[in-house]
Amino acid sequence: YTGIPRGGLRDEPPRPQPTRRRPLRALADRVYGLLAAVAVLYALAAGAELGRYLILLRNRTRLIEPWLLAVSDALVIGASLIALILALPAAVGALGWLIELRRVEYARRKRSDPRSVRMLALGCLIPVVNLLWPGVFLTEVVSEPRAVQAVRIWWSAWVFGGALSVAALMWRFADSLQAEADGVLFTALTDAVAAAVAVLTLWAVRMVEGRDLRGRSRTAQRWVVATDPAVPVIEPVQPGSAA
């Protein structure tokens, strides 16, 4: 019993339970578009950094027009800043998706989630700590082999991207001109990896849901053992003496 049984002649019909509003539901429903937008912006930022590096190479022998430098500055700063700002709601949306995934999975197991929403939020949003715990939270509820493999691939790329970002930040303390020029190229690599990680995140989310990267349902491949037909299609050839 979920409550104390009370006898009597009065039998009221059950009242519908109010639907509880899930945390971060609005961003969780938009996580697919947010991740795609982050991937596009980081790819644009990587292209802007590569353009800046080409300008530096040309500047060794020729002067650069002021308008070209202004366009390069706008692309580098704008794309990187917008991508960084958009990455925050994408991360919060992914957190909401994870909370809902764990709720559904533990409800299917008829168990309560041992991780509180606060613990999930702290483990996914605190820098450095979030390199470890999101993979742990996912592997606790994912059991399908291909989904598990997708989570492991994403987890490895996530940790690699985090380490690369830290290295790019440390590179900015270089004081020589050559190191600064190399830092531009290294930042382009970091932005390209960030775009790839965003795509892998979207792919892992889709795989856990049983879909492909484009959101289409995956069709299961079933192999059937080939056997001879029950009735021969062609009559077997008999030797001439037997005929």
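One can find the structure itself at the top, above this paragraph.
Cut-off values and rules
Residues numbered from 1 in each chain as written. Predicted model: local features only at pLDDT ≥ 70, side-chain atom pairs only at ≥ 80, totals over all residues. Heavy atoms only, no water. Helix = DSSP H or I, 4+ residues; strand = E, 2+ residues; numbered from the N terminus. Buried < 20%, exposed > 50% of the residue type's maximum accessible area, 1.4 Å probe, protein only. Contact = heavy atoms within 4.5 Å. Areas by Shrake-Rupley, 256 points an atom, 1.4 Å probe, with all protein chains shown as cover. Phe/Tyr/Trp six-rings, centres within 6.5 Å; stacked < 30°, edge-to-face > 60°. Lys NZ or Arg CZ within 6 Å of the ring centre and 35° of its normal. Axes fitted to C-alpha atoms, helices over the stretch in contact; angles between N-to-C directions. Parallel < 35°, antiparallel > 145°, perpendicular 65-115°, else oblique. Left-handed = near helix turned anticlockwise from the far one by under 90°. Nonpolar A, V, L, I, M, F, W, Y, C, P; charged D, E, K, R; others polar. Core = buried A, V, L, I, M, F, W, Y, C linked by side-chain atoms within 4.5 Å. Salt bridge = Lys/Arg side-chain N within 4 Å of Asp/Glu carboxyl O.

## Observations concerning the overall build of the chain
1) Next: Scanning the chain from N- to C-terminus turns up 7 helices and 0 strands.
2) Next: Each helix and strand of the chain, placed in order from N terminus to C terminus, yields the pattern α-α-α-α-α-α-α.
3) Next: When each of the 243 residues of the chain is scored for burial, the buried share is 31%.
4) Next: Restricting the contact set of the chain to residue pairs at least 6 apart, pairs at least 24 apart contribute 66%.
5) Next: As displayed, the chain has an accessible area near 17200 Å², and 64% of this comes from carbon and sulfur atoms.

## What about the packing of aromatic side chains?
1) Next: Counted by the stated rule, this structure contains 3 aromatic pairs.
2) Next: Relative to Phe137, the ring of Trp133 has its centre 5.6 Å away and its plane inclined at 25°; by these criteria the two rings are stacked. Here Phe137 and Trp133 lie together in helix α5 (residues 133-139), a separation of 4 residues that amounts to about one turn.
3) Next: What makes Phe137 buried here is its relative accessible area of 0%.
4) Next: Across from the ring centre of Tyr106, 5.2 Å away, lies the NZ or CZ of Arg109, which sits over that ring.
5) Next: In this structure, Arg211 is placed above the aromatic ring of Tyr32, and the distance from its NZ or CZ to the ring centre is 5.6 Å.

## Remarks on the packing of helix α2 (residues 31-58) against helix α3 (residues 66-108)
1) Next: One way to put it is that α2 packs onto α3 with a least axis distance of 8 Å and a crossing angle of 155°. Considering the angle they form, α2 stands roughly antiparallel to α3. Between α2 and α3 the crossing geometry is left-handed.
2) Next: Looking at the contact of α2 with α3, its residues break down into 26 nonpolar, 3 polar and 3 charged.

## Topic: the nonpolar core
1) Next: Ranked by internal contacts, the top residues of the largest apolar core, which has 19 residues, are Trp97, Leu98, Leu101, Leu138, Val142 and Val208.
2) Next: Those elements that provide at least two residues to this core are α3, α4 (117-125), α5, α6 (145-171) and α7 (177-208).
3) Next: Here the element with the most residues in this core is α3; it accounts for 6 residues.
4) Next: Non-local contacts of Val208, meaning those with residues more than four positions away in its chain, are made with Trp97, Leu101, Val142, Ala147 and Val151.

## A closer look at the pattern of salt bridges
1) Next: Inspection of every chain in the model, using the stated rule, returns 11 salt bridges.
2) Next: Across the pair Asp29 and Arg25 runs a salt bridge whose closest N-O atoms are separated by 3.5 Å. Here Asp29 pairs with Arg25, and both are found in helix α1 (residues 25-29), just 4 residues apart, close to one helical turn.
3) Next: Exposure remark for Arg25: the relative accessible area of 35% places this residue in the partly exposed category.
4) Next: The shortest N-O distance in the salt bridge between Glu105 and Arg109 comes to 3.1 Å.
5) Next: Owing to a relative accessible area of 12%, Glu105 belongs among the buried residues under this scheme.
6) Next: Connected via shared salt-bridge partners are Arg25, Asp29, Glu100 and Arg103.

## Section: the environment of Leu200
1) Next: If you trace the backbone, Leu200 turns up in helix α7.
2) Next: Those residues in contact with Leu200 that sit more than four places away from it in its chain are Ile153, Trp154 and Ala157.

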